[in-house]
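Listed here are the chains, written in short residue letters.
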Amino acid sequence: MITELNNKNNFNKYRYLLVDNLVALNSISPLSYDSLLNLFGEDKQFGEKKLTQVLRTDLDYDPSICPTLVKLAEPNEFLDSPILDEVGKQAKIECFWSKRYICAYIVSHLKPSILAKHLITIGNNIAKILHQPYYPFFEPFRMQFLHEIATNEDNAWLKSQFTQIENYYYPSIYAGQFIRFIVDNEVETQDSWSIRYCQRLKNFRMIRALVNVWANNRMQFDEQKSLPLNNQVILQSTQLVEQAYQLGLTEATDILFWGLNGLRYQTAFTKHPKVLEQIAKAQEEPSTLSKHVIDANINLESQSLSINE
């Protein structure tokens, strides 16, 4: 990331790290708030600080839990800090945490205090549409979900809110690798997110749970041990959760069972006639889909595996 943040497009602007204090790192961590304060903190009554609290509208009653904007470098200042190595390590460790400390690298011409307010304005604009607090840039999975699931037009709408942000990099679920949020400049910007995307957001928590459970447990399966995490896993999980609801599954345990086996066996599971026969039983008695499928002793021919192996 040092090379990226020092390239010709970023060098003449401020470069920031955004962290979320709702996640409390051990105080001995080089990235904990106390460590950042020791490294970057300045006892200033006036002027721009290197650490700026982003007073989220839903959390500003307690600034200590609000995110922190860390000024890594000023315009035309070469960025060469060992802290970026620590950021990469932390992003990898927490890539499947439900709440993550490392949120983003941000490149902007805005000074810290102004950028902090701008981030809140973006979040509040989104909240007006969804009728609830919503700050995707403080939750990297939400950014990746939008980037991979939404249409180009939906992505363009969020990008239109980033008019004061030249470049934005969020840590992905792929070992914390940072991804640049980019949008096709030729796409026409809509007035807001599409109804389709807003509907998909309603299933967001279940989709994230499925992705996390799969990522944390898939290596116990022999056929997965030599494979990297599928780069379509968020899209596939979204489709499987939507399938589960369409089939009339309502309990989280049933939906996750459907999703996990769908990710493992693909259509060999989701289109297997005997599997589909068990759906009605789970509708009548929620949270029993796994029991009925296992009791049916279904062989998935394309995998040469039994569902209960």
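Conventions used here
Think of each chain on its own: its residues are numbered from 1, step by step along the sequence as written. Owing to the predicted nature of the model, reporting of local features is limited to residues with pLDDT of at least 70; listing and counting of side-chain atom pairs is limited to 80 or more, with chain, interface and lining totals taken over all residues. With hydrogens and water stripped out, all remaining heavy atoms of the structure feed into the side-chain values. A run of H or I in DSSP counts as a helix once it spans at least four residues, and a run of E counts as a strand once it spans at least two, with each numbered from the N terminus. Only protein chains enter the accessibility calculation, which uses a 1.4 Å probe. A residue is then buried if its area is under 20% of the maximum for its type, exposed if over 50%, and partly exposed in between. Throughout, a contact is declared for two residues whenever any of their heavy atoms are within 4.5 Å. With residues, only the protein chains shown are counted as cover, and all accessible areas are computed by Shrake-Rupley using a 1.4 Å probe. Charge assignment: positive for Lys and Arg, negative for Asp and Glu; neither His nor the chain ends contribute. Charge positions come from single atoms, namely NZ of Lys, CZ of Arg, CG of Asp or CD of Glu. Salt bridges are identified by distance alone: a Lys or Arg side-chain nitrogen within 4 Å of an Asp or Glu carboxyl oxygen. DSSP-based pairing: two strands are paired if at least 2 bridges between them are found. Between N-to-C directions, angles cover 0 to 180 degrees, with each direction set by a line fitted to C-alpha atoms, over the stretch in contact for helices. Disulfides are defined as pairs of cysteine sulfur atoms found within 2.5 Å of each other. Two kinds of site are reported from a 1 Å grid over the protein atoms alone, namely cavities, where a 1.4 Å probe fits but cannot get out, and pockets, open sets with protein on both sides within 12 Å along at least five of seven lines, and residues are called lining when an atom falls within 4 Å of a point. Grid points are joined across faces, edges and corners, and a volume is the space filled by probe spheres set on the points. In this classification, Asp, Glu, Lys and Arg are treated as charged, Ala, Val, Leu, Ile, Met, Phe, Trp, Tyr, Cys and Pro as nonpolar, and every other residue, Gly included, as polar. Confidence of the predictor at the level of single residues is captured by pLDDT, which takes values from 0 to 100. Orientation categories follow fixed angle ranges, with anything under 35 degrees roughly parallel, anything over 145 roughly antiparallel, 65 to 115 roughly perpendicular, and all other angles oblique. Two helices crossing with the near one rotated counterclockwise from the far one by less than a right angle form a left-handed crossing, whereas a clockwise rotation gives a right-handed crossing.

Student: With reference to specific residues and values, describe the overall build of the protein chain.
Tutor: Helix and strand counts for the protein chain come out as 14 helices and eight strands. Going through the 309 residues of the protein chain one by one, you find that 51% of them count as buried. Considering only contacts within the protein chain whose residues lie at least 6 apart along the sequence, 70% involve residues at least 24 apart. Here the protein chain has roughly 15,400 Å² of accessible surface; of this, 49% comes from carbon and sulfur atoms. Of the charged side chains in the protein chain, 30 are positive and 35 negative; the average position of the first set lies 2 Å away from that of the second.

Student: Would you mind going over the side chain of aspartate 154 in detail, with residue names and values included?
Tutor: Positionally, aspartate 154 belongs in helix α6 (residues 152-161). One buried charged side chain, aspartate 154, makes no salt bridge at all; its nearest oppositely charged neighbour is arginine 200, positioned 8.1 Å away. Those residues in contact with aspartate 154 that lie beyond four places of it in its chain are Leu146, Trp193, Ser194 and Tyr197.

Student: Would you mind going over the environment of valine 87 in detail, with residue names and values included?
Tutor: Take valine 87: it is sitting in helix α3 (residues 83-93). Measuring from C-alpha to C-alpha, the distance between valine 87 and serine 192 comes to 33 Å, with 105 residues separating the pair along the chain.

Student: Can you tell me about the sheet that holds strand β6 (residues 178-180), naming the residues and giving the values?
Tutor: The pairing of strands in a sheet happens through backbone hydrogen bonds and is either parallel or antiparallel. Pairing is antiparallel across the open sheet formed by six strands, whose spatial order is β2-β3-β1-β4-β5-β6. Looking at the sheet topology across the chains shown, the edges are occupied by β2 (51-53) and β6. Sheet twist, expressed as the mean angle between neighbouring strand axes with direction ignored, is 25°. Each of β1 (14-19), β2 and β3 (68-73) touches helix α2 (residues 33-40); the most contacted strand, β3, lies at about 35° to it. Along the sheet face, α3 touches β1, β3, β4 (102-108), β5 (167-171) and β6 and points at about 135° away from the line of β4.

Student: Residues and numbers for the state of the cysteines, please.
Tutor: What the rule picks out here adds up to zero disulfides. With no disulfide partner, cysteine 66 has as its closest neighbouring cysteine sulfur the one in cysteine 103, 12 Å distant. We classify cysteine 66 as buried; its relative accessible area is 0%.

Student: I'd like a description of the layout of surface pockets, backed by residues and values.
Tutor: Counted as a void, the largest pocket has a volume near 300 Å³. Considering the residues around the largest pocket, the lining is formed by 15 residues, among which Gln132, Pro133, Tyr134, Arg142 and Arg205 are closest to the centre. Of all elements in the fold, only α4 (112-130), α7 (195-201) and α8 (204-217) reach the threshold of two or more residues within the lining of the largest pocket. When grouped by side-chain class, the residues that make up the lining of the largest pocket number eight nonpolar, one polar and six charged.

Student: So what about the pairing of β3? Which residues, and what values?
Tutor: Looking down a regular strand, the side chains alternate between one sheet face and the other. Most of β3 is tucked away, with six of its six residues classed as buried. Both β1 and β3 contribute to a ladder of five bridges, which runs antiparallel. Counterpart to leucine 18 in the pairing with β3 is leucine 69. As judged from the three bridges shared by β2 and β3, these two strands associate in the antiparallel manner. Paired with leucine 51 across the two strands is valine 70, which belongs to β3.

Student: Quick rundown of unusual backbone geometry? Include the residues and the values.
Tutor: With a phi angle near 65°, asparagine 76 is a residue other than glycine that sits in the positive phi range. Relative to the assigned elements, asparagine 76 resides in the loop between β3 and α3. Non-glycine residue glutamine 266 carries a positive phi angle of around 60°. Within the secondary structure, glutamine 266 is located in the loop between α10 (252-265) and α11 (267-270).

Student: Quick one: what's the story with the pattern of salt bridges, residue by residue and with numbers?
Tutor: Under the definition given, this model contains 11 salt bridges. In this structure, the salt-bridge partner of lysine 89 is glutamate 86, at a minimum N-O distance of 3.9 Å. Of this pair, lysine 89 and glutamate 86 both sit in helix α3, three residues apart, which is roughly one turn of the helix. Given the relative accessible area of 28%, glutamate 86 is considered partly exposed.

Student: Can you break down the confidence of the model for the protein chain residue by residue, with the values?
Tutor: Residue-level pLDDT values for the protein chain average 89, and 94% of them are 70 or greater. A low-confidence stretch, residues 303-309 stays under pLDDT 50, and its non-local contacts, those more than four residues away or across chains, total 23 contacts.

Student: Give a detailed account of the packing of helix α9 (residues 233-246) against α10, specifying residues and quantitative values.
Tutor: Orientation of α9 relative to α10, taken along the N-to-C sense of each, is 135°, at an axis distance of 9 Å. By the angle between their axes, α9 is oblique relative to α10. In this structure, α9 meets α10 at a crossing whose hand is right-handed. On α10, the residues that touch Val233, Gln236, Ser237, Leu240, Val241, Gln243, Ala244 and Tyr245 of α9 are Ile255, Trp258, Gly259, Gly262 and Leu263. Split by residue class, the contact of α9 with α10 holds eight nonpolar, five polar and no charged.

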